[in-house]
Amino acid sequence: MVGSGLARGLDSFEGLLPEPSWAFLELTQKQTSYATHGYHRYPAKFIPQLAARLIREHSSEGNLVIDPFMGSGTTLVEAKLLRRRSIGVDINPVAHLVAQAKTQAIEPTRLTHAMEQLVERLSEHAQPSLFTGVETQSLPGNGTEWHERLRYWFSEATLCQLAQIQQAINRLESEAERTFFNCALSHTLKSVSYWHDRSVKPMRKLDKPIPDARRVFLRHAKRMAHGNREFWNLLCERDALDIPAVAYCADARQLPAEDLSASLVVTSPPYVTSYEYADLHQLSALWFGWMGDLREFREGFIGRSNGVHSLPAELGSHRAARIVAQMEAVNPRKAREVALYFGEMYDSFREMQRVLKRGGYLCIVIGNTHLCGVEVQNAQVFAEQLESLGFSLERVILREIPSKILPRTRDKTTGKFARTLDADYVAYPTEYIVVVRKRA
Ligand SMILES: C[S@@+](CC[C@H](N)C(=O)[O-])C[C@H]1O[C@@H](n2cnc3c(N)ncnc32)[C@H](O)[C@@H]1O
């Protein structure tokens, strides 16, 4: 059943003008990648200052903050800096690795020491021949046969360099340090593979000049070490080093948190059939052995466009049902994907409702999209679904998105991000921040 305060609630979307103070247009890239935020590229990352403002305005020190779609862990880092405990969840193991690395500050002199060890070990292998000095058992493909997808993306020489880096990381004693350097390695993979840098889709460019993986890796790890030092110093200044920020690789529909335990949920959910996170992170997932088969790996990702066969039991929103019906008339397959997306988001909201305290806030950052000529009003649908689950709509903010943060264009027919030249439609020039509160 859809809640009764709904008509008034949805009026909040009518005639909204962008609120300039939420655009953060004045921030430089350096400011948005301060501390550990620049560790790893991640699609549709939060601006840290936006997450921080939502946390500050809707919770207090010591409260528990949850991000059920944490991605690279922006919310968790900001919560820790603001002395809030936090839990983050993502189904993508790559997100889990990145979020773990970003939330663990390492004492800077220890990290310098670990870096020196790595530099030394990698210089021992400066002129590698295949597998020289590498303990092959601990590497992808056991060192005898690389996974065929690894061979597809990397040259033999690069695989050998990556293997040396991996082995040097595996020999580090501390788990936090291994996580830190695995994150650096994960970030390195794309630039040393045949992945076409200008393409938003997984596409090869076989004549791409490939740099030495060890050099790229060490350069990035050194940049990360500066970020770690900044994070460490900020946490020390704020007496926040011991504030827990725990990242899980799990499903947003089964949060590892007690009933009524959280004061705030801050999140930006996945979009329907837009970023295929599973596909985009396949290099890291392959390298670290998290993925055998791409089809299986995609399972569980909300918003996926592949292998959608079943329909959800409940959408929790009349508007969602209308959008699905409109889509059905033009593209039945897409209609099924959209229905599944809304159904799965509804399930995840039910779970957020379970973990939130009465009176707790839920802030969702979401844009509306076009698919097959149909406007997919994610924000309004989510507001309806949440009202039906016992939340009241507190505030809707429209914000402009600085173009440097998100890809700007989508193909109008497929809704997928497109090369700028092919695009006929500007995606997400604005997005909504929907703030709801769990009724007492
Ligand atoms: C828009 S991104 C979040 C980005 C994040 N705010 C940040 O700053 O990096 C949405 C995330 O939802 C994740 N996701 C998709 N389906 C999920 C599920 N069933 N459970 C948990 N996370 C999921 C994706 O892997 C992706 O990382």
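Position numbers for residues start from 1 in each chain and track the written sequence from start to end. Since the coordinates come from a predicted model, pLDDT governs what is reported: local features require at least 70, and pairs of side-chain atoms require 80 or more to be given and counted, while whole-chain, interface and lining totals use all residues.

## A few points about the overall build of the chain
So, step 1. The helix and strand labels rest on DSSP assignments: H or I over at least four residues marks a helix, E over at least two residues marks a strand, and numbering proceeds from the N terminus. For the chain, the count of helices and strands is 16 helices and nine strands.
So, step 2. Counting across all 440 residues of the chain, residues that qualify as buried make up 47%. Remark: C-beta atoms are placed from the backbone, and a residue is labelled buried if 20 or more other C-beta atoms sit within 10 Å of its own, exposed if 12 or fewer do, or partly exposed between those counts.

## Notes on the sheet that holds strand β4 (residues 262-267)
So, step 1. A pair of strands counts as paired when DSSP detects no fewer than two bridges linking them. Within the open sheet, the seven strands sit side by side as β3-β2-β1-β4-β5-β9-β8. Their pairing is mixed. In this open sheet, the two strands that pair with only one neighbour each are β3 (245-249) and β8 (391-400). With strand direction ignored, the average angle separating the axes of adjacent strands in the sheet is 15 degrees.
So, step 2. Residue pairs are scored as contacts if the distance between their C-beta atoms, which are placed from the backbone, is within 7 Å. Structural elements are reduced to axes, namely lines fitted to C-alpha atoms, with helices fitted over the stretch in contact, and the angle between N-to-C directions of any two is expressed from 0 to 180 degrees. Its contacts with the sheet put helix α5 (residues 93-103) on β2 (85-90) and β3, and the angle it makes with β3 is roughly 165 degrees.

## Structural notes on the pairing of strand β1 (residues 64-67)
So, step 1. Here β1 shows no split at all, with Leu64 and Ile66 on one side and Val65 and Asp67 on the other all buried.
So, step 2. Between the parallel elements β1 and β2, the chain passes through helix α4 (residues 74-81) in a crossover that is right-handed.
So, step 3. In the sheet, β1 pairs with β4 via two bridges, with the strands oriented parallel. The residue of β4 that forms the bridge with Ile66 is Val265. Every crossover in which the path from the first strand over the helix to the second runs clockwise, viewed with the strands pointing away from the viewer, is termed right-handed.

## What to know about the nonpolar core
So, step 1. A set of buried Ala, Val, Leu, Ile, Met, Phe, Trp, Tyr and Cys residues, joined to one another through C-beta atoms within 7 Å, is what we call a nonpolar core. Core analysis: the biggest nonpolar cluster contains 119 residues, and Val338, Leu362 and Val434 have the highest contact counts within it.
So, step 2. In terms of residues, this core owes the most to one element, helix α15 (residues 332-355), which gives eleven residues.
So, step 3. For the purposes of this description, domain bounds are those given by an automatic or database domain assignment. Per-domain counts for this core show at least three residues from each of domain 1 (6-92 + 245-272 + 301-438) and domain 2 (108-232).
So, step 4. Leaving out residues up to four positions away in the same chain, Val338 has contacts with Val272, Ile323, Val324, Met327, Leu371 and Val376.

## Thoughts on α5
So, step 1. Here α5 lies mainly inside the structure; ten of its eleven residues are buried.
So, step 2. Every buried residue of α5 is accounted for by Val94, Ala95, His96, Leu97, Val98, Ala99, Gln100, Ala101, Lys102 and Thr103.
So, step 3. Its buried side turned inward, α5 meets α4, β2, α9 (175-189), β3 and α12 (282-287).

## A short note on the site of the ligand
So, step 1. Near the ligand, the surroundings consist of 22 residues, among which Phe69, Gly71, Ser72, Thr74 and Ala252 are the closest.
So, step 2. Only Asp, Glu, Lys and Arg are considered charged, only Ala, Val, Leu, Ile, Met, Phe, Trp, Tyr, Cys and Pro nonpolar, and every remaining residue, Gly among them, polar. Partitioned by chemical class, the residues of the shell around the ligand number 13 nonpolar, six polar and three charged. By convention here, the C-beta atom is placed from the backbone, and a residue is near a molecule or strand when that atom is within 6 Å of it.

## Some words on unusual backbone geometry
So, step 1. Not every positive phi belongs to a glycine, and Phe24 is a case in point at roughly 55 degrees.
So, step 2. Secondary-structure assignment places Phe24 in the loop between α1 (6-11) and α2 (29-32).

## So, the packing of α4 against α5
So, step 1. Put simply, α4 and α5 touch, their axes get as near as 9 Å, and they point 20 degrees apart. When the axes of α4 and α5 are compared, the pair comes out roughly parallel. Helix-helix and strand crossings are classified by hand; for α4 and α5 the assignment is right-handed. The segment α4 lies against α5, with Leu76, Val77 and Lys80 engaging Ala99, Lys102 and Thr103. With respect to orientation, any angle under 35 degrees is reported as roughly parallel, any angle over 145 as roughly antiparallel, any angle of 65 to 115 as roughly perpendicular, and every other angle as oblique. Crossings are classed by handedness, with left-handed meaning an anticlockwise turn of the near helix from the far one by less than a right angle and right-handed meaning a clockwise turn.

## Brief notes about the confidence of the model for the chain
Caution applies to low-pLDDT parts of the model: their predicted coordinates are not meant to be read in detail.
So, step 1. With 85% of its residues at a pLDDT of 70 or more, the chain has an overall mean of 88.
So, step 2. Confidence of the predictor at the level of single residues is captured by pLDDT, which takes values from 0 to 100. Overall, residues 1-7 carries pLDDT values under 50, and its contacts beyond four positions in sequence, including any with other chains, amount to twelve contacts.
So, step 3. A low-confidence stretch, residues 128-137 stays under pLDDT 50, and its non-local contacts, those more than four residues away or across chains, total 22 contacts.

## Section: the environment of Val376
So, step 1. The topology assignment puts Val376 in strand β7 (residues 374-376).
So, step 2. Counting along the chain gives 56 residues from Val376 to Ala320, while the straight-line C-alpha distance between them is 8.4 Å.
So, step 3. Aside from chain neighbours lying at most four places away, what touches Val376 is Val272, Ile323, Val338, Asn368, Thr369, His370 and Leu371.

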